[in-house]
Amino acid sequence: MMPRLLVTSLLVATLAACGGTSDTTQTSTPPSSDLSSVKKDDKLAALVPAEIASSGKLKVGSNIQNPPNNFYDQDGKTPMGSEVDLIKAIAAKLGLQAEHSDMAFSSLITSLETKRVDVTMAAMNDTAERQQKIDFVDYFTSGITIMVQKGNPAQVKGPDDLCGKGIAVNLGSSQEQFGKEQSEKCKAQGNPEVQLSVTDSDTGNQNQLRTGRVAAILNDLPTAVYVAKTAGDGGYFEVVPLAPINGGPYGIGVNKENAKLSEAIKGALQSLIDDGTYTKILTTWDIKQGAITKAAINGK
């Protein structure tokens, strides 16, 4: 059974502030993975650049509003989620502690390039375009999913049904790019273009869908499934039953000047896959359908 999330409370609070309907739904404490068995691997740790190793910290850039990948615990301060657990385990293998910085998704690559952070981990798809700027250690397979209001009143059954409808996406995301491509396809077929609402807020996008300002949200598989099962006790949204669109890997972003760090992270991830820790983390968050069996850098 899926745990009920803080995201439900955030959604309700925001709806009330916007004049929407509120309720008194309570949330239980979300799960977390037991990482106590993860130990430092001296050979892998030796690959970590000296300036990172000496600090004892792995600075992680993320966009912490994307359950089950990453979100805040009920204290509103502590990051948690499948990605948070996984990067903590990877850091532990390298003799480090993960330290998260919360920032807009659209600023993650720039923050990595300017060395404000050591890595990024925010459900970011590893794409050929992004590989021109940074390297990726691939850790999960996902794809774009369409989430609609419960009961699907807009009758969205596939991408072609998005023509002429309002669709919410995150700025700088693969979903935004797909939405633009689908809009062009709609126009080429003589249909109205997709009306994209581009924001930096998953919660804001959910508010738009809940109140009918958009007909659907394009989001990654884990997020869409998790939110649909937990928001309003599963009463607000549902996921259109389709195979993920443009399926591909999520990647941990690393500065191209830090090739050794990429190798260290790849080795740590493979070790976690081999000893079962990786599967336990994904199982805890009910997303093991996206598991990989072999760690890779830029898909290789």
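Because the structure is a prediction, the values reported are computed rather than measured.

1. Digging into the state of the cysteines
If you walk through the whole model with that rule in mind, you get one disulfide. The disulfide bridge from C163 ends at C186, spanning 2.0 Å between sulfur atoms. Taking the torsion about the sulfur-sulfur bond, which here is approximately -85°, the covalent link between C163 and C186 counts as left-handed. Here the residue C163 occupies a position in the loop between β6 (134-149) and β7 (166-170), and C186 occupies one in helix α7 (residues 174-188), the gap between them amounting to 23 residues. Relative accessible area serves as the criterion here: at 12%, C163 is assigned to the buried category. The buried category is assigned to C186, whose relative accessible area is 0%.

2. Quick notes on the pairing of β6
A large share of β6 lies buried, amounting to 14 of its 16 residues. Both β6 and strand β12 (residues 296-297) contribute to a ladder of two bridges, which runs antiparallel. Across the sheet, the residue bridging to D138 is A296, located in β12. Inspection of the sheet shows β6 paired to strand β10 (residues 237-239) by three bridges, in the antiparallel sense. The partner of Q149 across the bridge, within β10, is F237.

3. A short note on helix α10 (residues 259-274)
The end-to-end C-alpha separation of α10 is 23 Å, in line with the 22 Å expected for 16 residues at 1.5 Å each. For α10, the set of buried residues is L261, S262, A264, I265, A268, L269, S271, L272 and I273. G276 lies just past α10 and shows a positive phi near 90°.

Quick notes on the rules
- Residues numbered from 1 in each chain as written.
- Predicted model: local features only at pLDDT ≥ 70, side-chain atom pairs only at ≥ 80, totals over all residues.
- Heavy atoms only, no water.
- Disulfide = S-S within 2.5 Å.
- Helix = DSSP H or I, 4+ residues; strand = E, 2+ residues; numbered from the N terminus.
- Buried < 20%, exposed > 50% of the residue type's maximum accessible area, 1.4 Å probe, protein only.
- Pairing = 2+ DSSP bridges.
- Expected span 1.5 Å × (residues − 1).

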